[in-house]
Amino acid sequence: MEEILFLGLVFLMAMLYSSVGHGGASGYLALMALFSFPPALMRPSALVLNIFVSSIALFSYARNSHFRLKLLLPFIITSVPMSFVGGLISTNPKIYKIILGIFLLIAIVRMVYQPDNKTGEIREINNPFALFIGFFLGFLSGLIGI
């Protein structure tokens, strides 16, 4: 019964996250932590689910002309290789849960606090800064499995 509940919650999480264009890894990781999954299983499972659900969002955005490769490319250049590097690092399960908890709290704060963009304008991207952000977030994402 516990497995059915878990799978139902994962499906619900995937639907909710994909409806707003997100992959949902933070939600899957939170569920797996609540259901006492070992960290070694959490990271790859969340990554596979995240890639699948994010791909659905990507195709939807692209189909509706809301995807700009020029905007995404600087982040991808550094984040993809660094997520691989982060994924290769094995962390102590206790430290992993602390890092994961911090990032889940950051995600909650970000969902609750959303600054207004009153102008709706899209500013030019600062490529060196985007490369740095991609590097940093890619590494941390690989480390915790997002």
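It should be noted that the structure appears before, not after, this text.
Computed from a predicted structure; not experimentally measured. (Residues numbered from 1 in each chain as written. Predicted model: local features only at pLDDT ≥ 70, side-chain atom pairs only at ≥ 80, totals over all residues. Heavy atoms only, no water.)

Undergrad: Looking at this model, I keep getting lost on the overall build of the chain. Mind explaining?
TA: Counting its regular elements, the chain contains 6 helices and 0 strands. In the chain, the succession of α and β elements from N to C terminus is α-α-α-α-α-α. In terms of overall size, the chain behaves like a compact globule, its C-alpha atoms giving a radius of gyration of 16 Å where 146 residues would be expected to give roughly 15 Å. Taking the principal axes of its C-alpha atoms as reference, the chain extends roughly 50 × 30 × 25 Å. In the chain, which comprises 146 residues, the share counted as buried stands at 25%. Long-range pairs, those at least 24 residues apart, make up 80% of the contacts in the chain between residues at least 6 apart in sequence. Put simply, the chain shows about 10300 Å² of open surface, and 72% of that area lies on carbon and sulfur atoms. (Helix = DSSP H or I, 4+ residues; strand = E, 2+ residues; numbered from the N terminus. Rg over C-alpha atoms; globule rule 2.2 N^0.38 Å. Buried < 20%, exposed > 50% of the residue type's maximum accessible area, 1.4 Å probe, protein only. Contact = heavy atoms within 4.5 Å. Areas by Shrake-Rupley, 256 points an atom, 1.4 Å probe, with all protein chains shown as cover.)

Undergrad: What am I meant to see in the nonpolar core here?
TA: Judged by nonpolar contacts, the single largest core of 15 residues is most densely connected at Phe6, Tyr28, Leu29, Met32, Met42, Tyr96 and Leu100. Broken down by secondary-structure element, the contributors of at least two residues to this core are helix H1 (2–19), helix H2 (25–34), helix H3 (39–63) and helix H5 (93–112). With 4 residues, the top contributor of residues to this core is H2. For tyrosine 96, the contacting residues outside a window of four places in its chain are Leu29, Pro39, Met42, Arg43, Thr91, Leu143 and Ile144. (Core = buried A, V, L, I, M, F, W, Y, C linked by side-chain atoms within 4.5 Å.)

Undergrad: So what exactly am I meant to see when it comes to the packing of H3 against H5 here?
TA: The relative placement of two packed helices is expressed as an angle between their axes plus a distance between the axes. Running from amino to carboxyl end, H3 crosses H5 at an angle of 45°, the nearest separation of the two axes being 10 Å. In terms of orientation, H3 lies oblique with respect to H5. Between H3 and H5, the contacting residues are Pro39, Met42 and Arg43 on the first element and Pro93, Tyr96, Lys97 and Leu100 on the second. Looking at the contact of H3 with H5 residue by residue, the class counts come to 5 nonpolar, no polar and 2 charged. (Axes fitted to C-alpha atoms, helices over the stretch in contact; angles between N-to-C directions. Parallel < 35°, antiparallel > 145°, perpendicular 65-115°, else oblique. Nonpolar A, V, L, I, M, F, W, Y, C, P; charged D, E, K, R; others polar.)

Undergrad: Teacher, can you tell me more about helix H6 (residues 127–144) here?
TA: Given 3.6 residues per turn, any residue in an α-helix points the same way as the ones three and four places further on. For H6, which comprises 18 residues, the first-to-last C-alpha distance of 25 Å matches the rise-based estimate of 26 Å (1.5 Å per residue) to within 8%. Along H6, the positions that sit buried rather than exposed are Ala130, Gly134, Gly138, Leu140, Gly142, Leu143 and Ile144. In the core, the buried residues of H6 are packed alongside H2, H3, helix H4 (69–88) and H5. Just beyond H6, the residue with positive phi is glycine 145, at close to 90°. (Expected span 1.5 Å × (residues − 1).)

Undergrad: Can you walk me through the packing of aromatic side chains in this structure?
TA: A ring pair, where both rings are aromatic, is described by two values, the distance of the centres and the angle of the planes. Here the structure, examined in full by the defined rule, presents 3 aromatic pairs. When the centroid spacing of 6.4 Å and the interplanar angle of 15° are considered together, the rings of phenylalanine 132 and phenylalanine 136 count as stacked. Of this pair, phenylalanine 132 and phenylalanine 136 both sit in helix H6, 4 residues apart, which is roughly one turn of the helix. (Phe/Tyr/Trp six-rings, centres within 6.5 Å; stacked < 30°, edge-to-face > 60°.)

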